[in-house]
Amino acid sequence: MTPFQKKQLALMRQMETMLAADSRVSTIVPMQTDYATDDQLCLTLNAFIPEPIAASIYDKLIGPLQQLDPHQYYYPLESLHVTFHSIRIIHSPPTYSKKDIETSRALLTKLIPSERPFPFIWHGVMALPTSISVIVLVTPAYNRFIRRVRHDFINHGIPDDKKYFSETMVFANTTICRYTHKPSPEFIEKLQTFRDIHIGAGVIDTVSLVETNAGAHPSKTRMLGTYRFTGN
């Protein structure tokens, strides 16, 4: 783990602790009973994670948690992703227009090919008030790129409406579970055993502009464009 990643991890743990006391510290998705059919939609730039990482998450994390509580919402294997940029958060009706989608496509067509693929490390589990995520450790290059993306979207009239814990350090994660009800003490105890679990490393070379709901359910997901990091 690099010094940069250690700093990132420390800040994410700080956010985890502060959110447990005050959920207003950062934007979180409210607890719902049915994420699969939820009609609230968002516009986002997502990278679907490498298959070996997704399979390891299911084997090491989701499977054991499902055995304890099958009634929470667990992301389908094909829905597991890293959010690169949250363009507009979930809302019904959506808070973005066809023009916003076209502007996003034009921006991403310009921004994405100029960057090389990004390496990530999936390490540790973070328990948030209404969800569970695998921490994704990033590089300084990724941090700079995402800050550039946010800046360019603002300059083109699509400011990010998500509140972040840190404006200078970009966090990344893969959400694996959203709560439909308060988890049991046994569930929380099991979750704590995953706090420092190492899942693996991988490289992401493709991202997608996506319309989806809070659970990224396939029935509510519409692919609006796919872009590849080529380093041109």
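Above this text you will find the structure in question.
All of the points below concern the structure found in this document. These numbers come from a predicted model, not from an experiment. (Residues numbered from 1 in each chain as written. Predicted model: local features only at pLDDT ≥ 70, side-chain atom pairs only at ≥ 80, totals over all residues. Heavy atoms only, no water.)

**Topic: the overall build of the chain**
Cut-off, in case you're wondering: Going along the chain from the N terminus, every DSSP run of H or I of four or more residues is numbered as a helix, and every run of E of two or more is numbered as a strand. Radius of gyration means the value over C-alpha atoms here, while the globule rule gives 2.2 Å times the residue count to the 0.38 power. Only protein chains enter the calculation, and the probe is 1.4 Å; a residue is then buried if its accessible area is under 20% of its type maximum, exposed if over 50%, and partly exposed in between. Residue contacts are counted whenever heavy atoms from the two residues lie within 4.5 Å of one another. Note that accessible areas follow from Shrake-Rupley with a 1.4 Å probe, and for residues the cover is restricted to the protein chains shown. For this count, His and the chain ends are skipped, Lys and Arg are scored as positive, and Asp and Glu as negative. Where a charge sits is defined by one atom per residue type, namely NZ (Lys), CZ (Arg), CG (Asp) or CD (Glu).
From N to C terminus, the chain includes five helices and nine strands. If you list the helices and strands of the chain from N to C, you get α-β-α-β-β-α-β-β-α-β-α-β-β-β. In terms of C-alpha radius of gyration, the chain reaches 17 Å, essentially the compact-globule figure of 17 Å for 232 residues. Along the longest, intermediate and shortest principal axes, the C-alpha atoms of the chain span 50 × 40 × 35 Å. Counting the 232 residues in the chain, one finds 53% classified as buried. Across the chain, contacts joining residues at least 24 apart in sequence account for 81% of those joining residues at least 6 apart. For the chain, the exposed surface amounts to about 10,900 Å²; the carbon and sulfur share of it is 55%. Distance between charge centroids for the chain: 7 Å, based on 24 positive and 21 negative side chains.

**Some details on the packing of aromatic side chains**
Spelled out, the test is: For this analysis, a ring pair means two rings from Phe, Tyr or Trp (six-membered ring only for Trp) whose centres lie within 6.5 Å, classed as stacked if their planes differ by under 30 degrees, edge-to-face if by over 60, and tilted for the remaining angles.
For the coordinates displayed, the defined rule picks out 12 aromatic pairs. Here Tyr179 and Phe187 contribute two aromatic rings whose centre-to-centre distance is 6.2 Å and whose plane-to-plane angle is 75 degrees, an arrangement assigned as edge-to-face. For Tyr179, a relative accessible area of 2% corresponds to the buried category. Taking the relative accessible area as the measure of exposure, Phe187 reaches 0% and is therefore buried. In this structure an aromatic cluster arises from ring pairing among Phe84, Phe118, Phe120, Trp122, Tyr142, Phe145 and Phe229.

**Quick notes on the environment of Glu167**
Residue position: Glu167 is located in the loop between α4 (140-155) and β6 (173-178). Separated by 20 residues in sequence, Glu167 and Arg147 have C-alpha atoms that sit 8.6 Å apart.

**Considerations on the side chain of Asp100**
Heads up, the condition is: Should a side-chain nitrogen of Lys or Arg be within 4 Å of a carboxyl oxygen of Asp or Glu, the pair is scored as a salt bridge.
Along the chain, the position of Asp100 falls in helix α3 (residues 98-111). Of the buried charged residues, Asp100 lacks a salt bridge, with Arg88 as the closest side chain of opposite charge at 5.8 Å. With near-sequence residues (within four places) excluded, Asp100 lies in contact with Thr95 and Ile158.

**Describing α3**
Applied cut-off: A helix is expected to reach a length of 1.5 Å times the quantity of its residues less one.
Relative to the 20 Å expected for 14 residues at 1.5 Å per residue, α3 spans 20 Å between its end C-alpha atoms, a close match to the ideal helical length. Check the buried side of α3 and you find it contacts β1 (41-48), β3 (81-91), α4, β8 (206-212) and β9 (222-228).

**Focus: the packing of α3 against α4**
Condition: Comment: axis = line fitted to C-alpha atoms, over the contacting stretch for helices; angle = value between 0 and 180 degrees taken between N-to-C directions. We call a crossing left-handed when the near helix sits turned anticlockwise from the far one by less than a right angle, and right-handed when that turn is clockwise. Classification convention: Asp, Glu, Lys, Arg as charged; Ala, Val, Leu, Ile, Met, Phe, Trp, Tyr, Cys, Pro as nonpolar; all other residues, Gly among them, as polar.
Two numbers describe how α3 lies on α4: the axes approach to 11 Å, and their chain directions differ by 145 degrees. α4 is crossed by α3, and the crossing has right-handed handedness. Only Phe145, Arg148, Val149, Asp152 and Phe153 of α4 make contact with α3, whose side of the interface consists of Ser104, Leu107, Leu108 and Leu111. Its residues assigned to classes, the contact of α3 with α4 comprises six nonpolar, one polar and two charged.

**Things to note about the sheet that holds strand β2 (residues 73-74)**
For clarity, the cut-off: Two strands qualify as a pair provided that DSSP identifies no fewer than 2 bridges between them.
Judged by pairing direction, the sheet is antiparallel, and its five strands sit side by side in the order β2-β6-β5-β4-β7 without closing on themselves. Lying at the two open borders of the sheet, with one neighbouring strand each, are β2 and β7 (198-204). Sheet topology note: the strand β5 (residues 131-137)/β6 ladder contains five bridges and is antiparallel. Each residue of the ladder has a partner; that of Ile135, found in β6, is Asn173. Against the sheet, helix α1 (residues 3-21) makes contact with β4 (118-127) and β5, and its axis sits at roughly 30 degrees relative to β4, the strand it touches most.

**Details of the nonpolar core**
Quick note on the threshold: Throughout, nonpolar core names a set of buried Ala, Val, Leu, Ile, Met, Phe, Trp, Tyr and Cys residues whose side chains join them through atoms within 4.5 Å.
Core analysis: the biggest nonpolar cluster contains 61 residues, and Ile57, Phe84, Trp122, Tyr142 and Ile176 have the highest contact counts within it. It is helix α2 (residues 51-68) that contributes the most residues to this core, six residues altogether. If you look at the next biggest cluster of nonpolar residues, it comprises 11 residues, including Leu9, Leu11, Leu128 and Leu137.

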